[in-house]
Amino acid sequence: MHNLSVSAISRALAAGDFSSVEITQYLLDRIREEDTAYNSFISLAGDSALEQAAEADLRRSKQSDVPALCGVPFAHKDIFCTENLRTTCGSRMLENFVPPYSATMVEQMRAAGMVLLGKTNMDEFAMGASNETSYFGAVRNPWDTACVPGGSSGGSAAAVAARLVPGASGTDTGGSIRQPASLCGVSGLKPTYGRVSRYGMIAFASSLDQAGPMARSAEDLARLLELMAGFDPKDSTSIDAPVPDYAASLNDSIAGIRLGVPKEYFADGLHAGTAACVEEAIKTFESLGAKVSEVSLQHSRLAVPVYYVVAPAEASTNLSRYDGVRYGYRCADPKDLHDMYTRSRSEGFGEEVKRRILVGTYALSAGYYDAYYRKAQKVRRLIKQDFVENFANVDAIIGPTNPSPTFPLGEKTDDPVAMYMEDIYTIPANLAGLPALSVPAGLVDGKPVGVQLIGNYLEEARLLNLAHQFQLATDWHQLNPLTGGEQ
Amino acid sequence: MSVDRSDIEQVAELARLRIEDNSVDELVSKITSILGMIDQMQATNTDDIEPLANPLEASQRLRADVVSEADQREALQANAPATEAGLFLVPKVID
Amino acid sequence: MSWETVIGLEVHVQLATQSKIFSGASTQFGAEPNTQACAIDLAMPGTLPVFNEAALRMAVMFGLAVDAEIGMESVFDRKNYFYPDLPKGYQISQMDYPIVGRGSVEIALADRTTKTIGITRAHLEEDAGKSLHEDFHGFSGIDLNRAGTPLLEIVSEPEIRSAEEAVAYLKYLHALVRYLDISDGDMSQGSMRCDVNISLRQTGASEFGTRTEIKNVNSFRFVEKAIEVEVERQRDILEDGGIIVQETRLYDADKNETRPMRSKEVANDYRYFPEPDLLPIRIDEAYLTAIRDQLPELPKEKLQRFIEQYALGDYDARLLAAERETAAYFEQVVADCGDAKASANWVIGELSARLNREDLEIANSRVSAAQLARLLQRLADQTLSSKTAKTLFDVLWENGGQDVELVDQLIDEHGFKQVSDSGAIEAMVDTVIADNPQQVENYRSAPPEKRKKMLGFFVGQVMKASQGKANPGQVNQLLNEKL
């Protein structure tokens, strides 16, 4: 039962093969038993999940036209506020925070009858590429528990890969959906900036953050995105455009589709094994009729520097609200106001978060603003322009998701810059606000690697169509870490 | 650009973060290496390029001036470290 | 040594929206603590701001009213600092691209001159909450009801040269926001607050001196006094050869002195940058035209109309047009009685003096516009003499009823009716002539050019005899005939 996809569970529930309560109970039990090996969950919903499941079963029994995913279990990254269910953002700062409201996206999935099993582990405030910065302990990669699952949505990626949940939400500020999807051998989609509401999603970097689905197939991503996406009047940056039926175009032919391969994505630093898998994937697309050409994203090499100004700068002020006044961690016995601020924040935040707050504060401070923040936003425009120019000639861009397969825990924790390079291929899409996804494209030494597709604004349907056709032609997405990589 | 101990201490004060004495040096070296990586962008010519603050460059939408939020003080203060008489308590504020 | 005072004002006006600038919580004043602070106002994790259309409209109205350039693309920025009444750790404000750019206003001074004061800019921002200092066993209490109330911060050029000009400018803005109905301007409730920047320089110098900023001065009177004492303080220091420290000070009304603020003084680096949770506000000509069309008549337009329509002098017209309520009162009096000149004289004279004496707003006048108009009609038709009219005004004021008919009732009750019965007046004239033979003799023997002055004595005696009710015209005429 745990191998069933979102779509398969939906069909089984409709056919009456089992109830939502049954699969919910099954998966809750499975998480309790198996997750000790991965640490992919921070909180479990328990009874409230079973209540939601029972409600979904009742709805199915009474209504003829229930939403397709009614009763399908799901998990949210612990960055999304969930009413009456603890929301920590992977931080000691919010260790005991129980929001009295839910994120808009969480409400939308709930309204469609999806059952919330629990909240997945993540890098603290989504700052990390290995899930080692979580206050609640590192997450382990189901393909090799000595290795990282990637981050920051590492809990969601690991939980989906380990068959603890069929799908989970993630957020992607610089690659935090796509990179862990790649390292855990699952599929993950970062939609166009503004496609999914940010209301109730705890902010890391406001102009980059975007929520999206993680699952075991492009088809599942399509069904999940349809529920997650949509205009939200509570988010000023939300896009007011209709949500298409993403599943409807999955089976369209991709013959004649123009794919661009950025030469900069195959330069130094790309693992040979990963490169081979991506090249193989490109050949598969060619065999399906896609027309492949080389393109140039000449400023993409500056994406990491730009990102490590913009994201920490925005984060440094987004995280100012954690001051120990209205919610969150407050230090014991503050001797005065200044002491309360300083100790609450120093004790409540972890090292990576503090480091980024310092870098961001520095980049915005008097005398440095023009050289850092303003400069970075200018180069950001150049990075976006590269894409805009290329999308006049190609329909999507294809390349590696990240430079190499998973690596052992602790390997990069002392070298932040090495860790930051994990997102070298994912960050450009965030800076430009473009949709991008990662799907499994092979194994290197028994560890999965992904291939990335980047699309034009609001062209999620095209990316999902490409990914689905690729998955019809390949088996990589069906490999199961629990059976040693067999299907 | 490189940073020294006093830069870090000054920024930490702005950010209300305390840095333990024994970790300042390590922090200075890590942040220096991060800034070194960042400085790769400095060589790029950005004359006449407008900063891009929002990827979609959309315009602000306006909300109708309607009171839509009811009093939820009790629920909202359930997470507060210290309250009294409906107020959030903090160590004495001095003007 | 002579010194020139240089003053710039930063005036914060709370805009009279129903809901907050970025959330749907109410802006009503005086609610129980934190009952009007929603999740967004409290900066709960994941919450986001959405901009209130009424705040934009009101800011643009103000901009148009001071002939300012309107920011067709304006941008919100974050101003970063930690303070317990600032929930997000930053204030959403506007830095480089404010909604209102350069404009100006013309103020009237006591010596009947006018002066133009430049407005540098006016920008939108959110108000902070309040720290309550009464002691909660060593803690302060934070009330965030006010957090997120829309503010328009209006920054003047440093073109104000005295406390009088500062108060006149502030009163002009106060009247203007009430004209526009974009704020109640109530300084006692903090709807309008003022920061005063003051520096001194030697007369004739072109460079500005070091300035101090006096925060949160919250009445016209305190603004005047705070400026006076701060100017004196700075002058004393400068004349002793000292230097002024650039700092933020508070005005202590009880001691009538300014003192440095103890906190917020650590050299702040606000790290302004564009607020990424909000997008640039873009407006077009059509939007401006629509707002321009809906603007009420502004003080300066009303001033012009009063001069033309009612043939008033500039000074009188300015006094009457300054406050929307005064102008409306005046126009009602004119409409009811038909005599603009008399209406103006009475509103500016008798009524204003009385309101000032009792520290009342014209809206709370105890004599209504309709009553004053009736009174003026009775003066015109000679039922009242100018003396009895003034007495009647006082009686009406004390009575306090707003009924128009009360005017005629009180005239009857108090016997204010002017005596125009020629028989009665003739009798009184005869008596006065008979009782003052010496004066009559003097009058008759005087040359004609001196007689005119001497007649005043007899008029006075007749008026006295009639208790002021005799029609003075008739008295004059009869005396002339009989003498």
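For the structure itself, consult the block above.
Note that the structure is predicted; figures quoted are calculated from it, not measured.

Novice: Tell me about the overall build of chain B, and name the residues and values.
Specialist: A tally of regular secondary structure across chain B gives three helices and three strands. Put simply, chain B runs from its N terminus to its C terminus through helices and strands in the order α-α-β-α-β-β. Against the compact-globule benchmark of 12 Å for 95 residues, chain B has a radius of gyration of 22 Å, which places it well outside the compact range. For chain B, the spread of C-alpha atoms along the principal axes amounts to about 55 × 45 × 25 Å. Accessible surface computed for chain B: about 4,900 Å², of which carbon and sulfur atoms make up 47%. Considering chain B, the positive charge centre built from 8 side chains and the negative charge centre built from 19 side chains are found 9 Å apart.

Novice: Account for the packing of aromatic side chains, naming residues and giving values.
Specialist: In this structure the tally under the stated criterion is 30 aromatic pairs over all chains. Taking the centre distance of 5.0 Å and the plane angle of 55° together, the rings of A:F125 and A:Y322 count as tilted. Here A:Y322 lies in the loop between α9 (303-318) and α10 (337-348) and A:F125 lies in the loop between β3 (115-120) and α5 (154-161), a separation of 197 residues in the sequence. The buried category is assigned to A:F125, whose relative accessible area is 0%. The exposure class assigned to A:Y322 is buried, which follows from its relative accessible area of 2%. One aromatic cluster in this structure is built from A:F97, A:F125, A:Y322, A:Y327 and A:F349. Here the basic side chain of A:K412 rests over the ring of A:F407, its NZ or CZ set 4.2 Å away from the ring centre. Sitting over the ring of C:F220, C:K171 keeps its end group 5.4 Å from the ring centre.

Novice: So what's going on with the interface of chain B and chain C? Residues and values would help.
Specialist: Every contact between the two is made by 33 residues of chain B and, on the other side, 53 residues of chain C. Roughly 3,900 Å² is buried in total at the junction of chain B and chain C, and carbon and sulfur atoms are behind 59% of that figure. Inspection of the region where chain B meets chain C yields zero salt bridges. Across the chain B-chain C interface, the total number found is 21 residue pairs in polar contact (both at pLDDT 80 or more).

Novice: Would you mind going over the side chain of A:R380 in detail, with residue names and values included?
Specialist: With respect to the helices and strands, A:R380 occurs in helix α12 (residues 370-390). We note that A:R380 is buried and unpaired, the nearest opposite charge coming from A:E314 at a distance of 4.6 Å. Not counting chain neighbours up to four residues away, the residues in contact with A:R380 comprise A:S207, A:L208, A:V306, A:V310, A:N430, A:L431, B:L52, B:A53 and B:P55.

Novice: Tell me about the sheet that holds strand β15 (residues 273-274) of chain C, residues and numbers included.
Specialist: The strand order across the open sheet formed by three strands is β5-β4-β15 (chain C), and the pairing between neighbours is antiparallel. Bordering the open sheet on either side are β5 (90-93) and β15 of chain C, each of which pairs with just one other strand. In this fold α9(A) packs onto β4 (77-80), β5 and β15 of chain C, with an angle of close to 60° to the strand it touches most, β4(C).

Novice: Run through a negative patch on the surface, naming residues and quoting values.
Specialist: Residues and elements named next belong to chain C. There is a patch of like negative charges on the surface, built from D111, E164, E224, E228, E232, D236, E239 and D240. Ranked by residues supplied to the negative patch, first place goes to helix α3 (residues 220-239) with five residues. Within the secondary structure, E224 is located in helix α3. Judged by relative accessible area, which is 33%, E224 ranks as partly exposed.

Novice: Which residues make up the side chain of A:S344, and what are the values?
Specialist: Residues and elements named next belong to chain A. Summarising the element assignment, S344 is placed in helix α10. Of note is the side chain of S344, whose polar atom sits 2.6 Å from the backbone oxygen of M340. Setting aside residues no more than four positions away along its own chain, S344 makes contact with M93, Y329, R330, C331 and D339.

Novice: Would you mind going over the interface of chain A and chain B in detail, with residue names and values included?
Specialist: Every contact between the two is made by 72 residues of chain A and, on the other side, 50 residues of chain B. Where chain A abuts chain B, roughly 5,300 Å² becomes buried across the two surfaces, and 66% of that area is made up of carbon and sulfur atoms. Run the count over chain A and chain B and you get two salt bridges. Of the charged contacts in the structure, one is a salt bridge between A:K384 and B:E57, with a shortest N-O distance of 3.5 Å. For the interface between chain A and chain B, the tally reads 19 residue pairs in polar contact (both at pLDDT 80 or more).

Novice: Help me get a handle on the pattern of salt bridges, residues and values and all.
Specialist: Residue and element names in this part refer to chain C. Evaluation of the coordinates by the stated rule reveals 56 salt bridges over all chains. As a salt-bridge pair, D41 and K20 come within 3.1 Å of each other at their nearest N and O atoms. Here D41, found in the loop between β1 (3-14) and β2 (51-52), pairs with K20, found in the loop between β1 and β2; they are 21 residues apart in sequence, far enough to count as distant. For D41, a relative accessible area of 8% translates into the label buried. By relative accessible area, which is 0% here, K20 ends up buried. One salt bridge connects E275 with R78, and the closest N-O pair in it is separated by 2.8 Å. Residue E275 is found in the loop between β15 and β16 (281-282), and its partner R78 is found in strand β4; the two are separated by 197 residues along the sequence. Taken individually, E275 and R78 each receive the classification buried, so the pair is uniform in this respect.

Quick notes on the rules
Position labels on residues start from 1 in each chain and follow its written sequence. Naming scheme: in the order in which they are written, chains are lettered from A and ligands are numbered from 1. The model is predicted, so local features are restricted to residues of pLDDT at least 70 and side-chain atom pairs to those at 80 or more, both for listing and for counting; the totals for chains, interfaces and linings are taken over all residues. Where side-chain values are given, they derive from all heavy atoms of the structure, hydrogens and water being excluded. Secondary structure elements are taken from DSSP: a helix is a run of H or I of four residues or more, a strand is a run of E of two residues or more, and numbering for both begins at the N terminus. Put simply, the radius of gyration uses C-alpha atoms, and a globule should come to 2.2 Å times the residue count raised to 0.38. For the area figures, the Shrake-Rupley method with a 1.4 Å probe applies, and any residue is considered shielded solely by the protein chains shown. For the charge count, each Lys or Arg is scored as positive and each Asp or Glu as negative, with His and the chain ends excluded. One atom stands in for each charge, and that atom is NZ of Lys, CZ of Arg, CG of Asp or CD of Glu. Aromatic contacts are taken between Phe, Tyr and Trp rings whose centres are within 6.5 Å, Trp giving its six-membered ring; a plane angle under 30 degrees counts as stacked, one over 60 as edge-to-face, and the others as tilted. Each residue is placed in one exposure class: buried if its accessible area under a 1.4 Å probe, protein chains only, is under 20% of its type's maximum, exposed if it is over 50%, and partly exposed if it falls in between. Placement of a charge over a ring requires the Lys NZ or Arg CZ to be within 6 Å of the ring centre, with the centre-to-atom vector within 35 degrees of the ring normal. For this analysis, residues touch if any pair of their heavy atoms sits within 4.5 Å. Summed over both partners, buried area is the accessible surface (1.4 Å probe) that two parts give up on being assembled. One speaks of a salt bridge when a side-chain nitrogen belonging to Lys or Arg is within 4 Å of a carboxyl oxygen belonging to Asp or Glu. The term polar contact refers here to a pair of N or O atoms within 3.5 Å; inside protein, the definition further demands a hydrogen-donor-capable atom paired with an acceptor-capable atom, and it admits residues adjacent in sequence only when both atoms are side-chain atoms. We treat two strands as partners when DSSP finds at least two bridges between them. For every element, the axis is a line fit to its C-alpha atoms; helices are fit only across the contacting stretch, and the angle between N-to-C directions ranges from 0 to 180 degrees. What makes a patch is a set of residues exposed beyond 30% relative accessible area and free of salt bridges, joined within 9 Å when like-charged and within 5 Å when nonpolar (Val, Leu, Ile, Met, Phe, Trp, Tyr).

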